[in-house]
Amino acid sequence: QVQLVESGGGLVQVGESLRLSCVTSGYTFSINVMGWYRQAPGKQRELVATILSGGRTNYTDSVKGRFTISRDGAKKSVYLQMNSLKSEDTAMYYCRCFDTQGRDYWGQGTQVTVSS
């Protein structure tokens with residue numbers, strides 16, 4: 001089992017920045033892929049960014065050039081640096097990871113609100 005706890009969300013204005021953090025615990029040695037997802041009110045949850053154990057990253061088009069995903073060397077934490085925030089980035093942001101057996105785990109989410 002892996003547990004994930006997100007933090008760093010908040011209320012910011014358009015153009016400002018936030019850095020989300022996700023700390024893992026439990027069987028962290030089995031973690032392979034880590035990522036961030038978000039869900040806005042009335043919309044489906046969507047992928048924001050992922051990072052593989054080797055460091056390869058992937059971003060949804062709407063955040064490319066503005067968001068950066070990173071993880072620490074021990075694979076215990078994953079981060080999402082969000083710059084030039086837009087009102088459409090407002091959502092609950094969730095951390096998710098997959099272990100080497102393909103099982104996935106979710107955090108409880110952290111709210112990001114971008115005010116214009």
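Not measured: the values here are computed from a predicted model.

Taken together, the four strands give an open sheet; going across it, the order is E1-E3-E8-E7, and neighbouring strands pair in antiparallel fashion. At either margin of the open sheet sits one strand with a lone partner, and together these are strand E1 (2-7) and strand E7 (67-71). With strand direction ignored, the average angle separating the axes of adjacent strands in the sheet is 15°. Two elements, strand E3 (residues 18-26) and strand E8 (residues 77-82), share six bridges in a ladder whose sense is antiparallel. Bridge pairing in E8 places Leu-20 opposite Leu-80.

Next up on the list: unusual backbone geometry. Glycine aside, a negative phi is what most residues show, and trans is what most peptide bonds show. Positioned with a positive phi, Ser-84 is a non-glycine residue whose angle comes to about 50°. If you trace the backbone, Ser-84 turns up in the loop between E8 and strand E9 (91-99). Since its relative accessible area comes to 41%, Ser-84 is described here as partly exposed.

The biggest cluster of nonpolar side chains holds 28 residues, and the ones touching the most others in it are Trp-36, Leu-80, Met-82 and Tyr-93. Where this core is concerned, the elements lending two or more residues are E1, E3, strand E4 (31-39), strand E5 (46-51), E7, E8, E9 and strand E11 (110-115). Discounting chain neighbours no more than four positions away, the residues touching Met-82 are Glu-16, Ser-17, Leu-18, Leu-20, Arg-66, Phe-67, Tyr-93 and Val-112.

Position of Glu-6 relative to the elements: it lies in strand E1. Of the side chains with opposite charge, Arg-45 comes closest to the buried, unpaired Glu-6, at an N-O distance of 7.6 Å. At 2.9 Å, the side chain of Glu-6 and the backbone nitrogen of Gly-109 are in polar contact.

For the rest of this paragraph, the subject is the state of the cysteines. Inspection of every chain in the model, using the stated rule, returns one disulfide. Between the sulfur atoms of Cys-22 and its disulfide mate Cys-95 the distance is 2.2 Å. As the torsion about the S-S bond is roughly -85°, the Cys-22-Cys-95 disulfide counts as left-handed. Taken together, the positions of Cys-22 in strand E3 and Cys-95 in strand E9 put the pair 73 residues apart, joining distant regions of the chain.

Procedures and definitions
- Residues numbered from 1 in each chain as written.
- Predicted model: local features only at pLDDT ≥ 70, side-chain atom pairs only at ≥ 80, totals over all residues.
- Heavy atoms only, no water.
- Pairing = 2+ DSSP bridges.
- Helix = DSSP H or I, 4+ residues; strand = E, 2+ residues; numbered from the N terminus.
- Axes fitted to C-alpha atoms, helices over the stretch in contact; angles between N-to-C directions.
- Buried < 20%, exposed > 50% of the residue type's maximum accessible area, 1.4 Å probe, protein only.
- Core = buried A, V, L, I, M, F, W, Y, C linked by side-chain atoms within 4.5 Å.
- Contact = heavy atoms within 4.5 Å.
- Lys, Arg positive; Asp, Glu negative; His and termini not counted.
- Salt bridge = Lys/Arg side-chain N within 4 Å of Asp/Glu carboxyl O.
- Polar contact = N/O pair within 3.5 Å; in protein donor to acceptor, adjacent residues only side chain to side chain.
- Disulfide = S-S within 2.5 Å.

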